[in-house]
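# Reading the structure
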Amino acid sequence: MDLTKQQPYATLSIILHWIMFLLLVAVYSCIELREIYPKGSESRDTLKAWHFMLGLCVFVLVWVRLITRWVTLTPNAPSTLTKWHRLLAQAFHFALYILMICMPIAGWLILSAEGKSIPFFGLTLPTLIAENEHLAKTIEEVHKTVGSVGYYIIGLHVLAGLYHHYIRHDNALIRMLPIINSKSEE
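I will try to describe carefully the structure that is included in this document. (Residues numbered from 1 in each chain as written. Predicted model: local features only at pLDDT ≥ 70, side-chain atom pairs only at ≥ 80, totals over all residues. Heavy atoms only, no water.)

To characterise two packed helices, one gives the angle between the axes of the helices and the distance between these axes. For the pair helix α3 (residues 83-113) and helix α4 (residues 133-168), the least separation of the axes is 8 Å and the interaxial angle reads 150°. In terms of their interaxial angle, α3 and α4 are classed as roughly antiparallel. The hand of the α3/α4 crossing is left-handed. (Axes fitted to C-alpha atoms, helices over the stretch in contact; angles between N-to-C directions. Helix = DSSP H or I, 4+ residues; strand = E, 2+ residues; numbered from the N terminus. Parallel < 35°, antiparallel > 145°, perpendicular 65-115°, else oblique. Left-handed = near helix turned anticlockwise from the far one by under 90°.)

Here you go:
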């Protein structure tokens with residue numbers, strides 16, 4: 001069976017998926033790479049600021065993705081999937097969307113509660129809550145924990161795509177690849 005003939009996702013969905021992937025790589029990279037610089041250094045502070053700003057970009061883009069998902073046709077899952085596989089896929093997609101919505105809000109709340117400015121590409125966004133050091137630390141612990149769990153959620157999403165492609169040999173991964181889909185439109 002020629003998998004490139006299967007129904008792909010809408011082009012906008014594919015573009016948003018891969019932009020989000022790159023944004024998430026950048027968000028995680030910034031917060032991890034800051035560790036190589038000493039606390040209080042300009043490089044460390046710059047990476048943290050980029051982590052905040054890119055995290056807010058994730059927050060904006062996730063709403064665009066959700067709207068796109070609601071207004072464009074989402075292709076059916078491969079017919080070979082069992083009900084259990086479909087439920088698992090839905091649960092992980094839900095977890096990814098929760099991650100992309102809640103983590104930026106938590107970051108914004110942390111900065112607000114710490115009494116810090118919320119940078120966004122030259123703008124300073126308003127605080128969401130009053131300064132509260134104890135609350136900031138609590139939210140930050142949750143943010144760090146969920147961020148660590150995010151590695152597993154994202155990793156399992158990637159492994160699922162590879163599993164579908166290399167083991168199940170269905171079109172689940174192919175439908176989200178822009179190169180394959182642009183060739184199938186010719």
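Read on for the rest.
A few words now on the layout of surface pockets. In this structure, the largest pocket occupies an estimated 1,500 Å³ of space. Residue lining of the largest pocket: 48 residues in total, with Y9, A89, H93, L96 and H157 positioned closest to the centre. Secondary-structure elements contributing two or more residues to the lining of the largest pocket are α1 (11-33), α2 (42-71), α3 and α4. The dominant element in the lining of the largest pocket, judged by the number of residues it contributes, is α4, at 12 residues. A class-by-class count of the residues in the lining of the largest pocket yields 31 nonpolar, 13 polar and four charged. When its volume is computed, the second largest pocket comes out at roughly 880 Å³. (1 Å grid on protein atoms, 1.4 Å probe; cavity = no way out; pocket = protein on both sides within 12 Å on 5 of 7 lines; lining within 4 Å. Points joined across faces, edges and corners; volume = space filled by probe spheres on them. Nonpolar A, V, L, I, M, F, W, Y, C, P; charged D, E, K, R; others polar.)

Our next topic: the nonpolar core. Among the nonpolar cores identified, the biggest contains 23 residues, and M20, L23, L24, V58, V62, M100 and I154 are the most heavily contacted of them. Residue assignment for this core shows that the elements contributing at least two residues are α1, α2, α3 and α4. (Core = buried A, V, L, I, M, F, W, Y, C linked by side-chain atoms within 4.5 Å. Buried < 20%, exposed > 50% of the residue type's maximum accessible area, 1.4 Å probe, protein only.)

Before going further, it helps to examine the packing of aromatic side chains. Tallied over the entire structure, the rule returns five aromatic pairs. Arranged with centres 6.0 Å apart and planes meeting at 85°, the rings of F59 and W63 form a pair that is edge-to-face. One end of the pair, F59, and the other, W63, are both in helix α2, four residues apart, so they sit about a helical turn from each other. In this structure an aromatic cluster arises from ring pairing among W50, F120 and F121. (Phe/Tyr/Trp six-rings, centres within 6.5 Å; stacked < 30°, edge-to-face > 60°.)

Attention now goes to unusual backbone geometry. The backbone of F121 shows a phi angle near 50°, a positive value even though the residue is not glycine. Along the chain, the position of F121 falls in the loop between β1 (118-120) and β2 (123-125). Look at H169: it is not a glycine, yet its phi comes out positive at around 55°. When its relative accessible area of 52% is taken as the criterion, H169 is described as exposed.

Another aspect to go through is the environment of M176. On the secondary structure map, M176 appears in the loop between α4 and α5 (178-184). Expressed as a C-alpha distance, the spacing of M176 and M20, which sit 156 residues apart in the sequence, is 13 Å.

For the rest of this paragraph, the subject is α1. Over its 23 residues, α1 runs 33 Å from end to end, which matches the ideal 33 Å to within 8%, given 1.5 Å per residue. Turning to α1, its buried residues number three or more, namely S13, I14, L16, H17, M20, L23, L24, V27, Y28 and C30. (Expected span 1.5 Å × (residues − 1).)

Between α1 and α2, the shortest axis-to-axis distance is 9 Å and the interhelical angle comes to 160°. On the basis of the axis angle, α1 is roughly antiparallel to α2. As for the relative orientation of α1 and α2, their crossing is left-handed in sense. Grouping the constituent residues of the contact of α1 with α2 by class yields 19 nonpolar, five polar and two charged.

Keep in mind that these numbers describe shape and distance, not what the molecule does.
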